[in-house]
Amino acid sequence: MPNARRVIFRTYVVPTQSLEMEETSVRKTTFQASPNGTLGGKGIATINATQWGDGWTSFAHQGAYWEDQSDVWELQGDTWDGILNLTTSPTDLTDDTNDLAFIYIKNLGDTNNCLVSLNGTSGNYYIIIPPQGSVHLRGDGTTLDCNDVFVKSDTRDTTIEWIIAKE
Amino acid sequence: MATTYKVRYKNHCTPQEQIASGGRYYLDSDCGRKLTGDANTSATLSATGTLTTGVAISGITEIVTAGSNADFVYVKNTGSEDVLVTLDNSNYLILLSEGEAFASEIHVDSNVKVKPVSSASTIEHFSET
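Residues numbered from 1 in each chain as written. Chains lettered and ligands numbered in written order. Predicted model: local features only at pLDDT ≥ 70, side-chain atom pairs only at ≥ 80, totals over all residues.

**Quick look at the overall build of chain B**
Reasoning step 1: When its secondary structure is counted, chain B shows zero helices and 11 strands.
Reasoning step 2: With respect to the three principal axes, the spread of C-alpha positions in chain B is 55 × 40 × 25 Å.
Reasoning step 3: Looking at chain B as a whole, 46% of its 129 residues qualify as buried.
Reasoning step 4: Across chain B, the fraction of contacts at a sequence separation of at least 24, relative to all contacts at a separation of at least 6, is 74%. (Helix = DSSP H or I, 4+ residues; strand = E, 2+ residues; numbered from the N terminus. Buried ≥ 20, exposed ≤ 12 C-beta atoms within 10 Å, placed from the backbone. Contact = placed C-beta atoms within 7 Å.)

Structure follows, in structure tokens:
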């Protein structure tokens, strides 16, 4: 077990506009007038050295360890590959009730959006992650718990990877 | 000659672990790599956004009004005191400390507001429809 854990995070935003030229196969892309450049921020989130379980990252899910499974491991047809398949039905990333310190989710799909609720299964899915996009945020430290985060696909299905860390 | 508008955004993070107190941090062995996403908003944007800077936050401040149909929001804490962000007008669940930013494509029904945790701060924000 480590002595401490943290997550360094960074945001980078590029608003652009693209003008179709006389020859329609050619476009001229420039920064939008405001901000006329890029935007961004960075920070460090301190998270608990002892996380709620191996599933705090999708890369080392408890399903990867046969000795932690209740099933007979020899009968499992596949192993955990670090990627969660989503459908249009809400999925809870964890049932842990600790305060959420930091979450990162990336939509690994190529077609459909991933929708994220911070208010439970029936909450508002106001965060949209387009294909190959990601989102990260720090929790408020009191109200937002790890088990408040639900994800689903907007249509059909998609896949995600994630970190969900407790305070 | 149609003009199209896009917002390309990246949210990047590096999980780290410290083995001994006072020692250096290494890439977290539970993750094994740095993580990043890179995408354009999936919604079709119809106009340019506007960056607003130096917004003093002493109480609740609305940055995306209900019914504005915004598709993307960026908010950065440019002050020294923590602020909280809500996407739904009531649940202030996202914390931003000095220099930190939140950027995401959002549902058109979102109503984004910011308030200070304790003392006043300042923010900059950008949204696009």
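**Overview of the overall build of chain A**
Reasoning step 1: When you go through chain A residue by residue, the secondary structure sums to zero helices and 11 strands.
Reasoning step 2: Along the chain direction, N to C, the helices and strands of chain A fall in the order β-β-β-β-β-β-β-β-β-β-β.
Reasoning step 3: Counting the 167 residues in chain A, one finds 43% classified as buried.
Reasoning step 4: The contacts in chain A between residues at least 6 apart in sequence include a share of 75% that link residues at least 24 apart.

**Here's the deal with the sheet that holds strand β8 (residues 92–96) of chain B**
In any sheet, the strands associate via hydrogen bonds between backbone groups, in a parallel or an antiparallel arrangement.
Reasoning step 1: Ordered in space as β4(A)-β11(A)-β6(A)-β9(A)-β8(B)-β7(B)-β10(B)-β5(B), the eight strands form an open sheet in which the pairing is antiparallel. Looking along the sheet, the strands with just one partner apiece sit at the ends: β4 (84–86) of chain A together with β5 (61–64) of chain B. Each strand axis lies, on average, 35 degrees off the axis of its neighbour in the sheet, ignoring direction.
Reasoning step 2: Where strand β6 (residues 100–107) of chain A meets strand β11 (residues 158–166) of chain A, seven bridges bridge the pair, whose relative direction is antiparallel. Note on β11(A): the bridge partner recorded for A:L100 is A:K166. (Pairing = 2+ DSSP bridges. Axes fitted to C-alpha atoms, helices over the stretch in contact; angles between N-to-C directions.)

**A closer look at the nonpolar core**
Reasoning step 1: Counting residues in hydrophobic clusters, the biggest one holds 72 residues, and the most contacted among them are A:I105, A:V116, A:I164 and B:V85.
Reasoning step 2: Looking at this core, the element that brings in the most residues is β6(A), giving six residues.
Reasoning step 3: Counting the residues that make up this core, at least three belong to each of domain 1 (7–40) and domain 2 (43–128) of chain B.
Reasoning step 4: Beyond its immediate stretch of four places on either side in the chain, A:I164 contacts A:W56, A:L93, A:T94, A:L100, A:I103, A:C146 and A:V149. (Core = buried A, V, L, I, M, F, W, Y, C linked by C-beta atoms within 7 Å. Domains from an automatic or database assignment.)

**Quick look at the interface of chain A and chain B**
Reasoning step 1: Residue-level contacts link 56 residues of chain A with 61 residues of chain B.
Reasoning step 2: Among the elements of the structure, β1 (4–20), β3 (39–47), β6, β8 (127–129) and β9 (134–139) of chain A are those that each provide at least two residues to the side of chain A that touches chain B.
Reasoning step 3: The biggest single contributor to the side of chain A that touches chain B is β1(A), with 17 residues.
Reasoning step 4: Here the side of chain A that touches chain B is composed, by residue class, of 27 nonpolar, 21 polar and eight charged.
Reasoning step 5: With two bridges joining them, β8(A) and strand β9 (residues 101–106) of chain B adopt antiparallel strand pairing. Looking at β9(B), one finds that A:I128 is bridged to B:E105. (Nonpolar A, V, L, I, M, F, W, Y, C, P; charged D, E, K, R; others polar.)

**A closer look at the environment of B:T86**
Reasoning step 1: With respect to the helices and strands, the residue B:T86 is situated in strand β7 (residues 83–86).
Reasoning step 2: It is 8.7 Å that separates the C-alpha atoms of B:T86 and B:K115, two residues lying 29 residues apart in sequence.

**A look at the confidence of the model for chain B**
Reasoning step 1: Confidence along chain B averages 95 in pLDDT terms, with 99% of residues attaining 70 or more.
Reasoning step 2: For this predicted complex, the interface confidence comes out at an ipTM of 0.97, alongside a pTM of 0.94. (pLDDT = per-residue confidence, 0-100.)

**Some points on unusual backbone geometry**
Reasoning step 1: Here A:S34 and A:P35 are connected by a cis peptide whose omega angle stands at 20 degrees.
Reasoning step 2: Of note, A:P35 is situated in the loop between β2 (27–31) and β3.
Reasoning step 3: Phi at B:N69 is positive, roughly 60 degrees, even though this residue is not glycine.
Reasoning step 4: Mapped onto the elements of the fold, B:N69 is located in the loop between β5 and β6 (72–77).
Reasoning step 5: Given 14 C-beta atoms within a 10 Å radius, B:N69 is considered partly exposed.

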